Amino acid sequence: MNDVNKEKREFIRTKVRRLTSIVKHEGVYKLIKEDEISTPTPTNVKDISTGGLRTISEYELIKGAFIDLTIPGIEALDSGIVKCEVIRSLFDGDNYTYDIGLRFKPPNTDYLKQLVELLKTY
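Just so you know, the residues in each chain are numbered from 1, in the order the chain's sequence is written. Given that this is a predicted model, residues contribute local features only at a pLDDT of at least 70 and side-chain atom pairs are listed and counted only at 80 or more, while totals for whole chains, interfaces and linings are drawn from all residues. Side-chain numbers come from the whole structure's heavy atoms, not from hydrogens or water.

Describing the overall build of the protein
Next, step 1: Think of it this way: any DSSP run of H or I at least four residues long counts as a helix, any run of E at least two long counts as a strand, and we number them from the N terminus. Helix and strand content of the protein: two helices and eight strands.
Next, step 2: Considering only C-alpha atoms, the protein reaches an extent of 45 × 35 × 25 Å along its principal axes.
Next, step 3: Relative accessibility decides the category of a residue: with a 1.4 Å probe and only protein chains considered, values under 20% of the type maximum give buried, values over 50% give exposed, and everything between is partly exposed. Taking all 122 residues of the protein together, the buried fraction comes to 37%.
Next, step 4: In the protein, 56% of the contacts between residues at least 6 apart in sequence involve partners at least 24 apart.
Next, step 5: About 7,900 Å² of surface is accessible on the protein, with carbon and sulfur atoms providing 51% of the total.
Next, step 6: Note that His is not counted, nor are the chain ends; the positive residues are Lys and Arg, and the negative ones are Asp and Glu. Taken as the charge location is NZ of Lys, CZ of Arg, CG of Asp or CD of Glu. Considering the protein, the positive charge centre built from 19 side chains and the negative charge centre built from 19 side chains are found 3 Å apart. For this analysis, residues touch if any pair of their heavy atoms sits within 4.5 Å. The Shrake-Rupley method, run with a 1.4 Å probe, gives the accessible areas here. Residue values count only the displayed protein chains as cover.

Here's the deal with the side chain of Glu85
Next, step 1: Locating Glu85 in the fold gives a position in strand 7 (residues 80–92).
Next, step 2: When neighbours within four sequence positions are excluded, Glu85 is seen to be in contact with Gly64, Ala65, Phe66, Gly101, Leu102, Arg103 and Lys105.

A word on the packing of aromatic side chains
Next, step 1: Pairs were defined over the aromatic rings of Phe, Tyr and Trp, the Trp ring being its six-membered one, requiring ring centres within 6.5 Å. Orientation was assigned from the angle between planes: stacked under 30 degrees, edge-to-face over 60, tilted for the rest. According to the stated counting rule, one finds two aromatic pairs in the structure shown.
Next, step 2: The interplanar angle of 55° and the centroid separation of 5.1 Å between the aromatic rings of Phe91 and Tyr98 together place this pair among those described as tilted.
Next, step 3: We classify Phe91 as partly exposed; its relative accessible area is 48%.
Next, step 4: Ring-pair connections join several aromatic residues into one group, and the members of that group are Phe91, Tyr96 and Tyr98.

In short, shape yes, function no, at least from these values alone.
Written out as C-alpha cells, the structure is:
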C-alpha cells in the first residue's frame, strides 16, 4: 500500500457548523453563536463508534459546544448530518493540534452503524 492511499483513509473531508451553545471555558461561561454556514474541514478520525468519535484537528472546539458534522457520501452511504456534543478538547502543544471527543446526539442510529462499518473497512 502506498502512502497516498493511506493518507486518504486517515482523512475524510467533513463540514462543521457550530450550533448555539453556552459553555464554560477557562472558568467563564461563554455564548457560542450558531454559524450561518458549515466550514469544510479535513477530519482525522482516530476512533469511532456508534456513540461518538475521536478526532485530531488544527481547530479548537470548546468542550460543551454542540456542532453539526456533515459526513460526505462514502460508497453506498449517502451524505448525512450528525449532531454532536464536544466532550473533550485538549490542546497538544507539540503538534499544535486539538484532540477532540465528540458524542453523537442521538447515538446508535442506523446511519451511524453503517458509517462505523464503512470507516472500519475504508
